Amino acid sequence: MSAFLTLTAANIRSFVRDRTALFWTFAFPVIFILLFGAIFSGGGTPSYSIGWVDQDGTAASALLRDGFARVPLLKLQDGSLSASLDAMRKGSLNGVVVVPKGYGAAVAAARGSSAAGAGAGAAATTGPITAGPGTVPLDVYTDPSQQTSSATIRQVVAQVVSTTNLALLGGRPILATVDRSLQTQDLSNAAFLVPGILGMALMQLGVFGAVPLVAQREKLILKRLGATPLPRWTLVGSNVVLRLLIGIGQAVLILGIGVAVFGVTVLGALWLMVAIVVLGALTFISIGYVVASFARTEDAANGIVQVIQFPMMFLSGVFFPIEIMPSVLRPVAAVLPLTYLGDALRQVMVGGSPYAPLPLDLGILSAWFVVCLAISARFFRWE
Amino acid sequence: MTGTDDAPVIEVVGLRKRYGEVLAVDGISFEVRRGEIFGLLGPNGAGKTTTVEILEGLRRPDDGTVHVLGVNAAHAPEQVKQRIGVQLQTAALYPFLTVTEVLELFRSFYARSRPTEWLVQAVDLGERRHAQTRQLSGGQRQRLSVALALVNEPELVFLDEPTTGMDPQARRSLWDLVLRLRSEGTSVLLTTHYMEEAEQLCDRVAVMDHGHVLELGTVEELVTRRFRERAVHFDTLPGLDLAELGRLPQVKRAVIEDGETVLYTSDVAATIGALLARTETLGRDPENLGIRRATLEDVFLDLTGHALRE
Ligand SMILES: Nc1ncnc2c1ncn2[C@@H]1O[C@H](COP(=O)(O)OP(=O)(O)OP(=O)(O)O)[C@@H](O)[C@H]1O
Ligand SMILES: [Mg+2]
């Protein structure tokens, strides 16, 4: 045990003192996240795409749509409920507003008895507007993980609804546009990006682990250790622990930036997050060992690693959803482990729409891990 | 498993190792006794490192048996690693760790270990103890590599060209260290290209070439076995040809090496008398005339046909 701890401490020291390695491990994902976050967030006035589901189909509901359409912040897209929710899951809509059947009738009734339904505007600040007797529930779907967009949409909807209510009660249509300056950025992509970047960082950490490993073999350090009574599992275990620690460090850093700079909210359970980070790191570490099993020199290892990591970075839905990828590339994405790590992280962290069910994600990652473990156990050379 | 005190610490019988086409070790046998310093000599590619690394449990033999401290090194190398010390021909160190950190790391691998300070002092690295190994000079790195072989107070130490890259002072100080280890009962197997090193340190040597052991014994034995004669040497004189010199009384052999004529003779006085009589007829005296016993270097030349260091 003392050998294990001393070796791990030595590995950590070596890693920390190697400034170049340190820089690439931590600065690279940070640069990536800030860069792509900035590109995707864009400048200018933010706008949100809202699915408009009119199940009523009366003049009153058309009038209500008119009211929403005048809000410059919103872009309405008409559609059925299932189609709109689907589009929202895939990220092309930021929210969905549903006008239920019976809205027109309720409006007519309200006009009849102008005293009823008072105070509906005040209650309209939260999600699906709570329906009392004589009122019509207006379902508003938003993604709570996308804090800013969700809050903005709800506020705007509440404003429009209360204005409409007022107009209905007062008998005059006062559907003036809500002209309120909301100090927000469009963060619709940050919540997508952060789990992806985390997955990418873990992938690079693991796969690039092949390079120092091959270097240690080339410098005969592994051979020298082989002449001591140190068990091989201690050597491998200590290397893996080092990589895991770095992976967790990266996760904390990347999530920290996601939360602090881009306002991403982490929804899922922490233990599940940690478990996925660890499984993902292990999977890619084992891929690193496979590379190290076949690369003879440090340069060769570096080359192979680039060949593996570069396409994976762009074909695994890290920067954009797989759904919008050309169909010829989709089968490639479907076998890459990073696809499933990114998907699992996205589902658990920000509740994103799943590419695959979570158990399938974890199963495929585990399969990659087991296969790579077997390959490296068979082919890894110490000298 | 461990034998009695007078059992050999290393026993090699019929050892063979092939790398593809190359027969690196071709059926060698020897033993190293407890408490002795044993030297493996031989030109580049003779098979020294291969032999040593098989004994250390780092390579598998193709044929033959090797016992180290009574343990079959081919079958159970792990059993013996606690008790041996290893210095590889190429120093392999963690570049970003300091001298003391590397020593501490290796100490943690063993059940028994020498104090770090003892090790640092033993190889004169006191002033560099806080330097990272990538900042050490080649000779210093080599010294650290030797210190690592001593971490676990081993019964048997393998040193593969330990003094390569060391300055004369460091080399002498390493010789002292090796002799001190022997006086404490440690057995040592070392390889070297330096004849002087072998003569100074080794109780017995084996001369290897092309995977064979050509000669084995004490330095004294090796020299007298081959050269019962003394060597009379002088700066080569023009006008004296080798054939003529070879016919002088008692001369067994005459050679010219590096501008020096060497006559191997069983009667120094008779040979020198005849030589001086002959040179007088030329009207010249032989310059730098001297007499010496044959050395290991001569043995080496005779055995392998070329000098140890090319
Ligand atoms: N891993 C290897 N693969 C192939 N051939 C090898 C390997 N190691 C050694 N050899 C060959 O085996 C022969 C013996 O090599 P070895 O290293 O044992 O020689 P050595 O006596 O230690 O030489 P040196 O004095 O140069 O250190 C050489 O011809 C060498 O080229
Ligand atoms: Mg060698």
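Residues numbered from 1 in each chain as written. Chains lettered and ligands numbered in written order. Predicted model: local features only at pLDDT ≥ 70, side-chain atom pairs only at ≥ 80, totals over all residues. Heavy atoms only, no water.

Observations concerning the side chain of Thr-51 of chain B
Residues and elements named next belong to chain B.
Phase 1 of the analysis: By the element assignment, Thr-51 lies in helix 1 (residues 48-55).
Phase 2 of the analysis: Taking relative accessible area as the criterion, Thr-51 reaches 0% and is therefore assigned buried.
Phase 3 of the analysis: At a separation of 2.7 Å, a polar atom in the side chain of Thr-51 contacts the main-chain carbonyl oxygen of Gly-47.
Phase 4 of the analysis: Those residues in contact with Thr-51 that sit more than four places away from it in its chain are Leu-15, Val-25, Ile-28, Phe-30, Leu-40 and Met-208. (Helix = DSSP H or I, 4+ residues; strand = E, 2+ residues; numbered from the N terminus. Buried < 20%, exposed > 50% of the residue type's maximum accessible area, 1.4 Å probe, protein only. Polar contact = N/O pair within 3.5 Å; in protein donor to acceptor, adjacent residues only side chain to side chain. Contact = heavy atoms within 4.5 Å.)

Describing the coordination of the magnesium ion (ligand 2)
All names here are of chain B.
Phase 1 of the analysis: Every protein donor of the magnesium ion (ligand 2) is listed here as Thr-49 (OG1) and Gln-89 (OE1), and their distances to the metal cover 1.8 to 2.1 Å. Linking Thr-49 in helix 1 with Gln-89 in the loop between strand 6 (84-87) and helix 3 (99-107), this pair joins segments that are 40 residues apart in sequence.
Phase 2 of the analysis: Among the residues examined, Gln-89 registers a relative accessible area of 33% and is labelled partly exposed. (Donors = N, O, S within 2.8 Å, 3.2 Å for Na, K, Ca; no water.)

Thoughts on the domain arrangement of chain B
Phase 1 of the analysis: Partitioning chain B into structural domains gives domain 1 (10-224) and domain 2 (228-292).
Phase 2 of the analysis: Here domain 1 of chain B and domain 2 of chain B have C-alpha centroids that lie 41 Å from each other. (Domains from an automatic or database assignment.)

Comments concerning the interface of chain A and chain B
Many analyses report the size of an interface as the accessible area lost when the parts associate.
Phase 1 of the analysis: Facing 23 residues of chain A, the contacting portion of chain B comprises 26 residues.
Phase 2 of the analysis: Carbon and sulfur atoms supply 63% of the area buried between chain A and chain B, which totals about 2300 Å² over both sides.
Phase 3 of the analysis: If you look at where chain A meets chain B, you find three salt bridges.
Phase 4 of the analysis: For Arg-13 of chain A, the salt bridge goes to Glu-101 of chain B, with nearest N and O atoms at 3.4 Å.
Phase 5 of the analysis: Here the element with the most residues in the side of chain A that touches chain B is helix 1 (residues 2-17) of chain A; it accounts for nine residues.
Phase 6 of the analysis: Its residues assigned to classes, the side of chain A that touches chain B shows nine nonpolar, seven polar and seven charged. (Buried area = accessible area lost by both parts, 1.4 Å probe. Salt bridge = Lys/Arg side-chain N within 4 Å of Asp/Glu carboxyl O. Nonpolar A, V, L, I, M, F, W, Y, C, P; charged D, E, K, R; others polar.)

Points about the site of ligand 1
All names here are of chain B.
Phase 1 of the analysis: In the vicinity of ligand 1, 15 residues are found, and the nearest of them are Gly-45, Lys-48, Thr-49, Thr-50 and His-193.
Phase 2 of the analysis: In the model, an oxygen atom of ligand 1 is placed 2.8 Å from a nitrogen or oxygen of the Gly-45 main chain.
Phase 3 of the analysis: One nitrogen or oxygen atom from the side chain of Arg-59 is found 3.4 Å from a nitrogen atom belonging to ligand 1.
Phase 4 of the analysis: Relative to its unbound accessible surface of 630 Å², ligand 1 loses 65% to contact with the protein.
Phase 5 of the analysis: Of all the elements in the fold, those that place two or more residues in the shell around ligand 1 are strand 2 (22-32) and helix 1. (Near = heavy atom within 4 Å. Areas by Shrake-Rupley, 256 points an atom, 1.4 Å probe, with all protein chains shown as cover.)

Points about the sheet that holds strand 8 (residues 187-192) of chain B
Residues and elements named next belong to chain B.
Phase 1 of the analysis: Read from one edge to the other, the open sheet built from six strands follows the order 6-7-8-3-9-10, with strand pairing classed as mixed. Edge strands, defined here as strands with exactly one partner in the open sheet, are strand 6 and strand 10 (212-217). Within the sheet, the average angular offset between the axes of one strand and its neighbour, ignoring direction, is 15 degrees.
Phase 2 of the analysis: Inspection of the sheet shows strand 9 (residues 204-209) paired to strand 10 by five bridges, in the antiparallel sense. Among the inter-strand pairings, Val-205 is bridged to a residue of strand 10, identified as Gly-217.
Phase 3 of the analysis: Set on the sheet, helix 5 (residues 138-150) makes contact with strand 6 and strand 7 (156-160); between it and strand 6 the angle comes to about 165 degrees. (Pairing = 2+ DSSP bridges. Axes fitted to C-alpha atoms, helices over the stretch in contact; angles between N-to-C directions.)

Section: the environment of Arg-296 of chain A
Residue and element names in this part refer to chain A.
Phase 1 of the analysis: Along the polypeptide, Arg-296 turns up in the loop between helix 11 (270-294) and helix 12 (298-315).
Phase 2 of the analysis: With a relative accessible area of 74%, Arg-296 lands in the exposed category.
Phase 3 of the analysis: Remark: the alpha-carbon pair of Arg-296 and Ala-281, spanning 15 residues in sequence, is separated by 24 Å.

So, the nonpolar core
Phase 1 of the analysis: Counting residues in each nonpolar core, the largest one holds 127 residues, and the members touching the most others are Leu-198 and Phe-319 of chain A together with Leu-103 and Phe-109 of chain B.
Phase 2 of the analysis: Looking at this core element by element, the count peaks at 13 residues for helix 11 of chain A.
Phase 3 of the analysis: Beyond its immediate stretch of four places on either side in the chain, Phe-109 of chain B contacts Ala-3, Leu-7, Leu-225, Thr-228, Pro-229 and Leu-230 of chain A together with Gln-82 of chain B.
Phase 4 of the analysis: By size, the runner-up hydrophobic cluster in this structure holds 33 residues, among which are Val-9, Phe-38, Val-71 and Leu-156 of chain B. (Core = buried A, V, L, I, M, F, W, Y, C linked by side-chain atoms within 4.5 Å.)

Concerning the packing of helix 8 (residues 210-218) of chain A against helix 11 of chain A
Residues and elements named next belong to chain A.
Phase 1 of the analysis: Packing of helix 8 against helix 11 brings their axes to within 8 Å, and their N-to-C directions diverge by 40 degrees. Where helix 8 crosses over helix 11, the handedness of that crossing is right-handed. Residues Ala-210, Leu-213, Val-214 and Arg-217 of helix 8 touch helix 11, and the partners they reach there are Gly-288, Tyr-289, Val-291 and Ala-292.
Phase 2 of the analysis: In the contact of helix 8 with helix 11, the residues fall into six nonpolar, one polar and one charged. (Left-handed = near helix turned anticlockwise from the far one by under 90°.)

Examining helix 3 (residues 59-69) of chain A
Phase 1 of the analysis: Residues of helix 3 of chain A that are buried: Ala-60, Ser-61, Leu-64, Gly-67 and Phe-68 of chain A. Projection of helix 3 of chain A onto a plane perpendicular to its axis shows the buried side chains occupying an angular sector of 110 degrees, all on one side. (Arc of directions from axis to C-beta.)

Some points on helix 12 of chain A
Working note: α-helix, 3.6 residues per turn, so residues spaced by three or four point in the same direction.
Residues and elements named next belong to chain A.
Phase 1 of the analysis: Here helix 12 is 18 residues long and its end C-alpha atoms lie 26 Å apart, about the 26 Å a rise of 1.5 Å per residue gives.
Phase 2 of the analysis: When helix 12 is considered as a whole, its buried residues turn out to be Ala-301, Val-305, Gln-309, Met-312, Met-313 and Leu-315.
Phase 3 of the analysis: Two residues or fewer past helix 12, Gly-317 is found with a positive phi of approximately 70 degrees. (Expected span 1.5 Å × (residues − 1).)

A word on the packing of aromatic side chains
Phase 1 of the analysis: Summed over the entire model, instances satisfying the criterion amount to nine aromatic pairs over all chains.
Phase 2 of the analysis: Taken together, a centroid distance of 5.7 Å and an interplanar angle of 50 degrees make the contact between Tyr-289 of chain A and Phe-380 of chain A tilted. Here Phe-380 of chain A lies in the segment after helix 15 (358-379) and Tyr-289 of chain A lies in helix 11, a separation of 91 residues in the sequence.
Phase 3 of the analysis: A residue is classified by how much of its surface remains accessible, and Tyr-289 of chain A, at 13% relative accessible area, is buried.
Phase 4 of the analysis: Each residue in the set Tyr-289, Phe-380 and Trp-382 of chain A is aromatic and connected to the rest through ring pairs, giving one cluster.
Phase 5 of the analysis: Its guanidinium or amino end placed over the ring of Tyr-194 of chain B, Arg-171 of chain B lies 4.0 Å from that ring's centre, counting from NZ or CZ. (Phe/Tyr/Trp six-rings, centres within 6.5 Å; stacked < 30°, edge-to-face > 60°. Lys NZ or Arg CZ within 6 Å of the ring centre and 35° of its normal.)

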